[in-house]
Amino acid sequence: MLTTLNTAYTDTRADDLAWALGREALPALAVLDLELGGATIQLRLLGASHQVLLEEERGRCSETVACMPGSSTPLPLGVAERIGAWEYEFAARVETLSEGSFAGRAQELLALVADHPHGLAGTFPGSPHAFTAMLAQRQEGQVWWRTWHAYPQEGQLVVTRTRVGVRMPAPREVHPCG
């Protein structure tokens, strides 16, 4: 789903993004509710970027990547945490592209997400290449989502990837002497 977000472009620099787990639902400009194999996922576009709310029988998980005044947790390159019965993994990277490459990549990503049944993208006023896009899926008992945050004025694209899955028990050691 592709929508135009009628709001000021709040997080205007990739460096403004922060990451947080466990936040309550923040006011959203666009929401996509999904049911994926027993998991309820809500993709939320904020004026200041994105939030994902995941809920299933094992618990809840909330990820926020946004411009959050007063936040002391900048966007990390990677995180691995245990959340109840889940393993949570997050990775982020910043791509810097030329103006022509940026426009092409923006069009490609918006087309991919807009046509996907588990995708949500929103463009901001002022530039057709200022957007936040999200795509979710479930594979082999794990929930995955990817996000893209575009900053055309800087030629930067922030790409994140998250995986949440059941924590596997540690393998038992087998001793040769029984």
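Quick note: structure is the one above.
Conventions used here
- Residues numbered from 1 in each chain as written.
- Predicted model: local features only at pLDDT ≥ 70, side-chain atom pairs only at ≥ 80, totals over all residues.
- Heavy atoms only, no water.
- Helix = DSSP H or I, 4+ residues; strand = E, 2+ residues; numbered from the N terminus.
- Polar contact = N/O pair within 3.5 Å; in protein donor to acceptor, adjacent residues only side chain to side chain.
- Buried < 20%, exposed > 50% of the residue type's maximum accessible area, 1.4 Å probe, protein only.
- Expected span 1.5 Å × (residues − 1).
- Arc of directions from axis to C-beta.
- Contact = heavy atoms within 4.5 Å.
- Pairing = 2+ DSSP bridges.
- Core = buried A, V, L, I, M, F, W, Y, C linked by side-chain atoms within 4.5 Å.
- Phe/Tyr/Trp six-rings, centres within 6.5 Å; stacked < 30°, edge-to-face > 60°.

J.: When you look at the side chain of E56 in this model, what are you seeing that I'm missing?
T.: With respect to the secondary-structure elements, E56 resides in strand β5 (residues 49–56). Looking at E56, its side chain comes within polar contact range of the side chain of R138, at 3.1 Å.

J.: Quick question: what am I supposed to make of the environment of R82 here?
T.: Among the structural elements, R82 can be located in strand β7 (residues 78–83). The exposure class assigned to R82 is exposed, which follows from its relative accessible area of 58%. For the pair R82 and V164, spaced 82 residues apart in sequence, the C-alpha to C-alpha distance is 9.5 Å. Separated by 3.3 Å, the side chains of R82 and E87 make a polar contact.

J.: Looking at this model, I keep getting lost on helix α1 (residues 99–114). Mind explaining?
T.: Spanning 16 residues, α1 covers 22 Å between terminal C-alpha atoms, matching the ideal 22 Å at 1.5 Å per step. Looking only at α1, the buried set comprises F102, A106, L109, L110 and V113. Angularly, the buried residues of α1 cover 100 degrees about the axis, an arc narrow enough to put them on a single face. Of the exposed residues in α1, those oriented more than 90 degrees away from the buried face are G100 and Q107. Buried residues along α1 sit against β1 (2–4), β9 (119–123), β10 (131–139), β11 (142–151) and β12 (156–166).

J.: Sorry, what's going on with the pairing of β7 here?
T.: For a regular strand, side-chain orientation follows a simple rule: the groups alternate between the two sheet faces. With 6 bridges connecting them, β7 and strand β8 (residues 86–96) associate as antiparallel partners. Note on β8: the bridge partner recorded for I83 is W86. A loop of 2 residues connects β7 with β8, the two strands running antiparallel in sequence, and G84 in this loop sits at a positive phi of about 60 degrees.

J.: Please explain the nonpolar core as it appears in this structure.
T.: Counting 31 residues, the largest nonpolar core has I41, L43 and L54 as the members making the most contacts within it. One finds L110, F131, A150 and V159 within the second-largest nonpolar core, a separate group that totals 13 residues.

J.: Sorry if this is basic, but what is going on with unusual backbone geometry here?
T.: Generally, phi is negative for residues other than glycine and the peptide bonds are trans, each holding for most cases. Positive phi values are uncommon outside glycine, yet E140 reaches one of about 50 degrees. Here E140 shows up in the loop between β10 and β11. On the basis of relative accessible area, E140 is assigned to the exposed category, the value being 81%.

J.: I tried to follow the packing of aromatic side chains on my own but got confused; where do I start?
T.: When we look at a pair of aromatic rings, we describe it by the centre distance and by the angle of the planes. Within this structure, the stated rule accounts for 2 aromatic pairs. The interplanar angle of 35 degrees and the centroid separation of 6.3 Å between the aromatic rings of W19 and Y88 together place this pair among those described as tilted. In this pair, W19 is assigned in strand β2 (residues 18–21) and Y88 in strand β8, connecting sequence segments 69 residues apart. Assigned by exposure class, W19 and Y88 land together as buried. Taking the centre distance of 6.0 Å and the plane angle of 35 degrees together, the rings of W19 and F90 count as tilted. With W19 in strand β2 and F90 in strand β8, this residue pair connects regions lying 71 residues apart in the sequence. Neither W19 nor F90 differs from the other in exposure class; each is buried. The rings of W19, Y88 and F90 are connected pair by pair, giving a single aromatic cluster.

It is worth stressing that arrangement in space is one thing and function is another; only the former is reported here.
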